[in-house]
Amino acid sequence: MTQRTAHTFHIPVMGLSYTIDSPIKVARFGISSVVSIMEDHLIEIMRKHYCHTTDRHYEPITTVEPDYRAKRITAYLDLMNAIVTAQMQKIRSEEFVEGNEIVQYFEMLPEDSPLKKSYLEMLQCTNEEERLEVQRYLRTQLVPAVFRSTS
């Protein structure tokens, strides 16, 4: 299955702990990554960490629960999806001001990207109404990257 992506590269699995949370760090910028789901204990530690850092309720999934490994992996993938979705909502609401992630999103795109070209044209636009219209369009084009898992 081919997925539309904003970039021409992705972040591969680089070991268990190096890329376990890559989607949380880069998916909002349209950068694809892969997550290793081999070590369920590490996944549970990361789920606890991100539940706490994003003010979400954390309920441990212990090894005595039936099918605990599948539950831990599913819960972590669901959490990553929820975090990336919230990050995208935040970015879509930001102003096009230097330092904001919405600006970073477009500035990191490849030079030949049609979206980047639209963004650069928007920056040069002197008509405020046209500028706002292009900004509305650009916001609709923001898509997080897909993250994949490997076991």
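Residues numbered from 1 in each chain as written. Predicted model: local features only at pLDDT ≥ 70, side-chain atom pairs only at ≥ 80, totals over all residues. Heavy atoms only, no water.

Along its length, the protein carries 6 helices and 3 strands. Along the protein, from the amino end to the carboxyl end, the secondary structure elements read β-α-β-α-α-α-α-α-β. Counting all 151 residues of the protein, 42% fall into the buried class. In the protein, once contacts between residues fewer than 6 apart in sequence are set aside, the share between residues at least 24 apart is 58%. Of the roughly 8,900 Å² of accessible surface on the protein, 54% is carried by carbon and sulfur atoms. (Helix = DSSP H or I, 4+ residues; strand = E, 2+ residues; numbered from the N terminus. Buried < 20%, exposed > 50% of the residue type's maximum accessible area, 1.4 Å probe, protein only. Contact = heavy atoms within 4.5 Å. Areas by Shrake-Rupley, 256 points an atom, 1.4 Å probe, with all protein chains shown as cover.)

Moving on to the packing of helix 2 (residues 40-53) against helix 3 (residues 68-93). Close contact between helix 2 and helix 3 brings their axes to 9 Å; oriented N to C, the two are set at 35°. Here helix 2 and helix 3 pass one another in a crossing that is left-handed. Between helix 2 and helix 3, the residues in contact are Asp 40, His 41, Ile 43, Glu 44, Met 46, Arg 47, Tyr 50 and Cys 51 and Tyr 68, Arg 69, Arg 72, Ile 73, Ala 75, Tyr 76, Leu 79 and Ile 83, respectively. Looking at the contact of helix 2 with helix 3, its residues break down into 10 nonpolar, 1 polar and 5 charged. (Axes fitted to C-alpha atoms, helices over the stretch in contact; angles between N-to-C directions. Left-handed = near helix turned anticlockwise from the far one by under 90°. Nonpolar A, V, L, I, M, F, W, Y, C, P; charged D, E, K, R; others polar.)

Position of Asp 21 relative to the elements: it lies in the loop between strand 1 (10-11) and helix 1 (22-26). Side-chain polar atoms of Asp 21 contact the side chain of Tyr 50, separated by 2.5 Å. Once residues lying within four places of it in the same chain are set aside, the contact partners of Asp 21 are Met 46, Tyr 50 and Tyr 76. (Polar contact = N/O pair within 3.5 Å; in protein donor to acceptor, adjacent residues only side chain to side chain.)

The subject of this paragraph is the pattern of salt bridges. What the rule picks out here adds up to 9 salt bridges. One salt bridge in this structure joins Asp 21 and Lys 25, with 3.6 Å as the shortest N-O distance. Exposure remark for Lys 25: the relative accessible area of 48% places this residue in the partly exposed category. The partner of Glu 44 in a salt bridge is Arg 72, and the shortest N-O contact between them spans 3.9 Å. Of the two residues, Glu 44 sits in helix 2 while Arg 72 sits in helix 3, which places them 28 residues apart along the sequence. With a relative accessible area of 7%, Arg 72 lands in the buried category. (Salt bridge = Lys/Arg side-chain N within 4 Å of Asp/Glu carboxyl O.)

It is worth stressing that arrangement in space is one thing and function is another; only the former is reported here.
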